[in-house]
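Here are the chains, one letter per residue:
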Amino acid sequence: MADLNLATHCREAIPDLPPVSRSNRSMLALDLGTATGWALHGIDGLITSGTVSFRPGRFDGGGMRYLRFTNWLTEIDRLSGPVAAIWFEEVRRHAATDAAHVYGGLMATLTAWAELRGIPYEGVPVGTIKRHATGKGNAPKEAMIAAARARGFSPADDNEADAIAILLWALETKGGLQ
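Residues numbered from 1 in each chain as written. Predicted model: local features only at pLDDT ≥ 70, side-chain atom pairs only at ≥ 80, totals over all residues. Heavy atoms only, no water.

A. Local environment of the overall build of the protein. Within the protein one finds five helices and six strands. The order of helices and strands in the protein, counted from the N terminus, is β-β-β-β-α-β-α-β-α-α-α. Among the 178 residues that make up the protein, the fraction classed as buried is 45%. Restricting the contact set of the protein to residue pairs at least 6 apart, pairs at least 24 apart contribute 63%. Accessible area for the protein stands at about 8,900 Å²; split by element, carbon and sulfur atoms hold 52% of it. (Helix = DSSP H or I, 4+ residues; strand = E, 2+ residues; numbered from the N terminus. Buried < 20%, exposed > 50% of the residue type's maximum accessible area, 1.4 Å probe, protein only. Contact = heavy atoms within 4.5 Å. Areas by Shrake-Rupley, 256 points an atom, 1.4 Å probe, with all protein chains shown as cover.)

B. Up close: the packing of aromatic side chains. In the structure shown here, the tally under the stated rule is four aromatic pairs. Taken together, a centroid distance of 6.3 Å and an interplanar angle of 15 degrees make the contact between Phe-69 and Trp-72 stacked. In this pair, Phe-69 and Trp-72 both sit in helix H1 (residues 64–80), three residues apart, roughly one turn of the helix. Accessibility assignment for this pair places Phe-69 and Trp-72 in one class, buried. Joined through ring pairs, the aromatic side chains of Trp-38, Phe-54, Phe-69 and Trp-72 make up one cluster. (Phe/Tyr/Trp six-rings, centres within 6.5 Å; stacked < 30°, edge-to-face > 60°.)

C. Main features of the side chain of Thr-109. Within the element layout of this structure, Thr-109 appears in helix H2 (residues 97–117). Once residues lying within four places of it in the same chain are set aside, the contact partners of Thr-109 are Tyr-66, Phe-69 and Thr-70.

D. The environment of Phe-69, seen in detail. Classification of Phe-69 as buried rests on a relative accessible area of 0%. Expressed as a C-alpha distance, the spacing of Phe-69 and Thr-34, which sit 35 residues apart in the sequence, is 9.9 Å.

E. Inspection of the pattern of salt bridges at higher detail. Enumeration according to the criterion identifies five salt bridges in this entry. Between Arg-68 and Asp-60 there is a salt bridge, with the nearest N and O atoms lying 2.7 Å from each other. The salt bridge partner of Arg-151 is Glu-172, with a shortest N-O separation of 2.2 Å. Taken together, the residues Arg-151 in the loop between helix H4 (141–150) and helix H5 (158–172) and Glu-172 in helix H5 connect sequence positions 21 residues apart. The class for Arg-151 is partly exposed, based on a relative accessible area of 34%. Owing to a relative accessible area of 33%, Glu-172 belongs among the partly exposed residues under this scheme. (Salt bridge = Lys/Arg side-chain N within 4 Å of Asp/Glu carboxyl O.)

F. H2, seen in detail. For H2, built from 21 residues, the straight-helix expectation of 30 Å at 1.5 Å per residue is met to within 8% by its first-to-last C-alpha distance of 30 Å. All buried positions along H2 are accounted for by Val-102, Tyr-103, Gly-105, Leu-106, Thr-109, Leu-110, Thr-111, Trp-113 and Ala-114. Buried residues in H2 make contact with strand S2 (26–31), strand S3 (35–41), H1, strand S5 (83–90) and strand S6 (121–125). (Expected span 1.5 Å × (residues − 1).)

G. Looking closely at the side chain of Arg-65. If you trace the backbone, Arg-65 turns up in helix H1. Asp-98 provides the closest opposite charge to the buried, unpaired Arg-65, separated from it by 8.0 Å. Polar contacts involving the side chain of Arg-65 include one to the side chain of Thr-34, which spans 2.9 Å. With sequence-adjacent residues up to four places away left out, Arg-65 is seen in contact with Thr-34, Phe-54, Arg-55, Pro-56 and Val-102. (Lys, Arg positive; Asp, Glu negative; His and termini not counted. Polar contact = N/O pair within 3.5 Å; in protein donor to acceptor, adjacent residues only side chain to side chain.)

H. Representation of the pairing of strand S4 (residues 47–53) within the structure. Taken across its seven residues, S4 has five buried, putting it largely inside the fold. In the sheet, S3 pairs with S4 via seven bridges, with the strands oriented antiparallel. Within S4, the position partnered with Leu-40 by the bridge is Thr-48. Counting the residues between successive antiparallel strands, the hairpin from S3 to S4 contains five residues, one of them, Gly-45, with a positive phi of roughly 90 degrees. (Pairing = 2+ DSSP bridges.)

Dropping the structure here:
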């Protein structure tokens, strides 16, 4: 089972959030991959974030990473939810075939999980996230980490930094409507 440490990183509530963000529901942002970055805007107004690994174990079958991901999503929804909306990094090109397969499986799992629960979800293009966070659509990983740190977060890696950037983009643009 994935380690569900919701207190990984926390930041004070943001007072000027859009009205959709002030509801009694959580909002989740994900950077999908074997090491999935996540950021959650909780009903208390706090943002928590972290990275969770879905690397299969030595004796796991091919579908175990996706079952673990499903269980992890369910726990996030149960402990911090209900989740109102999910944004995830929409990757159009992968350098490696295995990474593409893992991403596709996680995205299929996420979208099916959200559909079953009536939770809206949206993929956000990589360039949009990077441009919003750094001003440059092709910013390197180090720049994304620096951008998150400049906003008061302490991401452990680029996956967490990307998830934070996705969540801040969703909050600040009302999910791309501004």
